[in-house]
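Given next are the chains, with one letter for each unit.
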6 protein chains.
Amino acid sequence: MTIAIYPGSFDPVTNGHLDIIQRAASIYDEVIVTVMSNSSKKPMFSLGKRVKLIEKVTENLPNVVVESYSGLLVDFADQKKAKVIIKGLRAVSDFEYEFQMALMNRKLNPQVETMFLMTQSQYSYLSSSVVKEVAKLGGCIKGLVPEGIEAEVVRYFNEH
Amino acid sequence: MTIAIYPGSFDPVTNGHLDIIQRAASIYDEVIVTVMSNSSKKPMFSLGKRVKLIEKVTENLPNVVVESYSGLLVDFADQKKAKVIIKGLRAVSDFEYEFQMALMNRKLNPQVETMFLMTQSQYSYLSSSVVKEVAKLGGCIKGLVPEGIEAEVVRYFNEH
Amino acid sequence: MTIAIYPGSFDPVTNGHLDIIQRAASIYDEVIVTVMSNSSKKPMFSLGKRVKLIEKVTENLPNVVVESYSGLLVDFADQKKAKVIIKGLRAVSDFEYEFQMALMNRKLNPQVETMFLMTQSQYSYLSSSVVKEVAKLGGCIKGLVPEGIEAEVVRYFNEH
Amino acid sequence: MTIAIYPGSFDPVTNGHLDIIQRAASIYDEVIVTVMSNSSKKPMFSLGKRVKLIEKVTENLPNVVVESYSGLLVDFADQKKAKVIIKGLRAVSDFEYEFQMALMNRKLNPQVETMFLMTQSQYSYLSSSVVKEVAKLGGCIKGLVPEGIEAEVVRYFNEH
Amino acid sequence: MTIAIYPGSFDPVTNGHLDIIQRAASIYDEVIVTVMSNSSKKPMFSLGKRVKLIEKVTENLPNVVVESYSGLLVDFADQKKAKVIIKGLRAVSDFEYEFQMALMNRKLNPQVETMFLMTQSQYSYLSSSVVKEVAKLGGCIKGLVPEGIEAEVVRYFNEH
Amino acid sequence: MTIAIYPGSFDPVTNGHLDIIQRAASIYDEVIVTVMSNSSKKPMFSLGKRVKLIEKVTENLPNVVVESYSGLLVDFADQKKAKVIIKGLRAVSDFEYEFQMALMNRKLNPQVETMFLMTQSQYSYLSSSVVKEVAKLGGCIKGLVPEGIEAEVVRYFNEH
């Protein structure tokens, strides 16, 4: 049985993330979506809220679970007996950063492999940051985030 | 049971290729190393010879088989009931080409996923072309190709 | 009145090219699609045939004309009183090559500006080469080239 | 009549920006230089000051106007009946970010096209940030910003 | 006699930095490792502490000296009569930033050349930031920083 | 005394190459411009002719010598007791190829360092290939190659 971890900030989860989750879930026996805290940025949604939103949009995927974690990713992989870390790649700038992270994680724990999926072309321009930027300026985010998330993001910027 | 295909020209197989094969074999139930013909370049070794050389250096990996194929990769994946195509990434230039190929293969057959592994840093400069270039000029290729392959490559350039 | 030139090999024209032509035609008064000969590659279709195929798929665009040319692009721009050269960008590797070409053309003729459009994301993996590669191996090219071109490409590879 | 928007922070306007403005003004009937606020960075000059400085250095270009805007760029294009957004590209890192923005803007409003000009090679290393960095450390910024701007930037860092 | 400057933040110095220092010291008559202040980031170690740590790990290199500096790099080069600035390159993103810096420094002082060394492949994923990230989360940094530095970094994160 | 090798095809030498030679000559005690044969491309000028042309344009540089070589570059460096290989970088695509070569040369001979200079911005679009392309189509190559070379290149394309 192969368990895979899909880590990220998911603030908020986008349709690009959801596509990666679905594709990973069709290959691996279990996919643990792992919401990581990022101490250097003030998040839009709390860790707990982000977990709930992803659980909502993945409820039809029986082999997907969602958890949050604040430590070293390879330690979490160890605890969960996960052999694989999943990452999506959109562009060259992703590639270089992820390359560095994958090599570092390999150094820290050679038992865990990082595997990459290319983001589908229609999501190549999509990131959580750009969703927040558009929403903040009052632009329409339909099609950028899963349907269940859209209202939450819009409400956030109405209130902030 | 997840079957993965690892396609390439492997002319010749390098230590970078072998590293990807070993890592893929630890994750997937079966890995089919697939030697592809490339009509636009005159190869050093024939398809059959390349299959034999890879069989020799992977004989200790029970879940790895080696085959050759000349058609559309996604059709081969279909025949073999493989859900995954494995590719190694070394650099940005690899990334862009593989990105294009992965999206095209997805268009041709959405049932097959391409997954990428980062080449280990000590093999980041290694390619079949650079091995041939060095061997042709009489340089030492120890550490660049698996031990069993070294003599074959050197002999080829002594004879050509 | 602003006349723009859209140069390329178009061997064959793809849906990505057609998208650029349509978008350029909505901005400039006249768009001259310019089929360039490329002495270093043996083409699939002759210059004249490529002109005819593009004329066929752009017949609904009244401000688009198609011509062929074999000399220096900036000289052709001069003859046609074109102020703008249009190029599509798909990826970083395109970018660097086109950057070099744009700077060189500027050096040769500072009166002509090169302007770039980003290829739409669904065509980001599409090139004439990959279309030929897929067609040659018997893959389906529906959606990759304009409908009127598809049969011609398939026939070519049945005959060669 | 084709109206083009050239958006940016212009904090301060550089000779690279001025070059793009001049080239755009020779192609389009009207160019609206649009000073955008960027809430995440504390600017050197206020929006209003930046508008005035650009007006000063473009006063000899009759078809250039300068405005400021704080909302969604494609909404501003709509209000102004602009069909084109102009962006300058210096390097691969620009390219990827601008690619993402162009695709997002296209999603938000398919009627507006983003067109790119390559920065002239002598300005390829020039950005507002690097100008500020140099000025702050007391370096000479002659040739980096338009003449009328130089004294303003130097005065700012003498006072801060 | 050729004097070279090797500038950086070195917060903390890594094995990748040390490798560049050693290689530069084998080519140039004198190498001045120059610890620069970076006003936009709060450092882990003070300028003075960083100088001491680098002195400690380079004490066996007689032609290496360590200094700190807060102004324009090319002015420091002038003061020291250094003809060469040394920089290490790990990846494409380094390359573009360093390219911009090298051209700007050349504009500010054409007498000083920037020369680049490629980071050895085993250090390609290594940066001061990633070291701090790993240490902060309690990961092992053995092999990432020189032996004499390791305890200092670990102690810092125990106390902060 | 530090001897540096500057290898290349130089078919023909461009103003970009000459700029690198001049800058290298101001740093190292001796610079050996090394004209390499490239078996995979039919050259415009013979090895001997290329040596003569470079000698002609560097005759005012007393510490520059020109030689040709057909073997492994690091062996040539050994013979010449050269500690440094010089390469010019123009763009990201150069960077990745040169990175691979530098790491391979380091593996073959760790005593020789590859050092990189950034091409000046006005030459960033310049390569031997683009010079030949322009000359072949009758474009003006003034400013692209040293004065003494211009007539030779033009004559070649008049005769071929």
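Calculation criteria
- Residues numbered from 1 in each chain as written.
- Chains lettered and ligands numbered in written order.
- Predicted model: local features only at pLDDT ≥ 70, side-chain atom pairs only at ≥ 80, totals over all residues.
- Heavy atoms only, no water.
- Least-squares fit on C-alpha atoms with pLDDT ≥ 70 in both.
- Helix = DSSP H or I, 4+ residues; strand = E, 2+ residues; numbered from the N terminus.
- Contact = heavy atoms within 4.5 Å.
- Core = buried A, V, L, I, M, F, W, Y, C linked by side-chain atoms within 4.5 Å.
- Buried < 20%, exposed > 50% of the residue type's maximum accessible area, 1.4 Å probe, protein only.
- Axes fitted to C-alpha atoms, helices over the stretch in contact; angles between N-to-C directions.
- Parallel < 35°, antiparallel > 145°, perpendicular 65-115°, else oblique.
- Nonpolar A, V, L, I, M, F, W, Y, C, P; charged D, E, K, R; others polar.
- Arc of directions from axis to C-beta.
- Buried area = accessible area lost by both parts, 1.4 Å probe.
- Salt bridge = Lys/Arg side-chain N within 4 Å of Asp/Glu carboxyl O.
- Phe/Tyr/Trp six-rings, centres within 6.5 Å; stacked < 30°, edge-to-face > 60°.
- Lys NZ or Arg CZ within 6 Å of the ring centre and 35° of its normal.

(A) View of the relation of the copies chain A and chain B. Rotating chain A by 180 degrees and translating it 0.0 Å along the rotation axis places it on chain B, where the RMSD comes to 0.0 Å. What the rotation and shift describe, once combined, is the action of a two-fold rotation axis. Closest approach to the rotation axis within chain A is made by the C-alpha atom of Phe116 of chain A, at a distance of 2.4 Å.

(B) View of unusual backbone geometry. All names here are of chain A. Asp11 connects to Pro12 through a cis peptide bond whose omega is 5 degrees. Topologically, Pro12 is positioned in the loop between strand S1 (3-8) and helix H1 (15-25). Positive phi, normally seen in glycine, also occurs at Phe10, with a value near 50 degrees.

(C) The relation of the copies chain A and chain C, seen in detail. Each copy of the sequence occupies a distinct position, and chain A is placed on chain C by a rotation of 180 degrees and an axial shift of 0.0 Å, giving an RMSD of 0.0 Å. Interface overlap between copies is the fraction of interface residues in one copy that are interface residues in the other; for chain A against chain C it reaches 100%, indicating a shared surface.

(D) Highlighting the nonpolar core. Grouped together as the largest cluster of nonpolar side chains are 304 residues, with contacts concentrated most on Tyr28 of chain A, Tyr28 of chain B, Tyr28 of chain C, Tyr28 of chain D, Tyr28 of chain E together with Tyr28 of chain F. Not counting chain neighbours up to four residues away, the residues in contact with Tyr28 of chain A comprise Thr2, Ala4, Asn63, Val84, Ile86 and Met115 of chain A together with Ile27, Tyr28 and Met115 of chain B.

(E) Structural view of the packing of helix H2 (residues 47-57) of chain F against helix H6 (residues 147-159) of chain F. Residue and element names in this part refer to chain F. The contact between H2 and H6 brings their axes to 8 Å, and the two run at 150 degrees. By the angle between their directions, the pair H2 and H6 is classed as roughly antiparallel. Touching Lys49, Leu53, Lys56 and Val57 of H2 are Gly148, Ile149 and Glu152, all from H6. A breakdown of the residues in the contact of H2 with H6 according to their chemical character gives three nonpolar, one polar and three charged.

(F) Region of the structure containing helix H5 (residues 128-136) of chain E. Residues and elements named next belong to chain E. Buried residues of H5: Ser128, Val130, Val131, Val134 and Ala135, and no others. Along the long axis of H5, the arc covered by the buried residues comes to 165 degrees, so they all point the same way. Positive backbone phi, approximately 85 degrees, marks Gly138, located one or two places after H5.

(G) Representation of the interface of chain A and chain C. With four residues of chain A at the contact, the number on the chain C side is four residues. Roughly 250 Å² of surface becomes buried between chain A and chain C when both sides are summed, with 65% attributable to carbon and sulfur atoms. Inspection of the region where chain A meets chain C yields zero salt bridges. Of the residues that constitute the side of chain A that touches chain C, the class distribution is one nonpolar, three polar and no charged.

(H) Quick peek at the pattern of salt bridges. Residues and elements named next belong to chain F. Under the counting rule described, the total for this entry stands at 59 salt bridges over all chains. Residue Asp11 is joined to Lys132 by a salt bridge in which the shortest nitrogen-to-oxygen separation is 3.3 Å. Highlighted residues: Asp11 in the loop between strand S1 (3-8) and helix H1 (15-25) and Lys132 in helix H5 (residues 128-136), separated in sequence by 121 residues. Residue classification places Lys132 among the partly exposed positions, given a relative accessible area of 22%. Between Lys87 and Glu98 there is a salt bridge; the shortest N-O distance is 3.5 Å. Here the residue Lys87 occupies a position in strand S4 (residues 84-89), and Glu98 occupies one in helix H4 (residues 92-108), the gap between them amounting to eleven residues.

(I) The arrangement of the packing of aromatic side chains in detail. In the structure shown here, the tally under the stated rule is 36 aromatic pairs over all chains. Both rings, one in Tyr6 of chain A and one in Phe10 of chain A, keep their centres 5.3 Å apart while their planes meet at 70 degrees; by these two values the pair is edge-to-face. A relative accessible area of 5% means that Tyr6 of chain A is categorised as buried. Under the relative-accessibility criterion, Phe10 of chain A is labelled buried at 4%. Considering the side-chain rings of Phe95 of chain F and Phe99 of chain F, the 5.5 Å spacing of their centres and the 15 degrees angle between planes classify their relative orientation as stacked. Of this pair, Phe95 of chain F and Phe99 of chain F are both found in helix H4, four residues apart, which corresponds to roughly one turn of the helix. By the burial criterion, Phe95 of chain F is buried, and Phe99 of chain F matches it. A cation sits over an aromatic face here: Lys49 of chain E above Phe45 of chain E, 5.8 Å from the ring centre.

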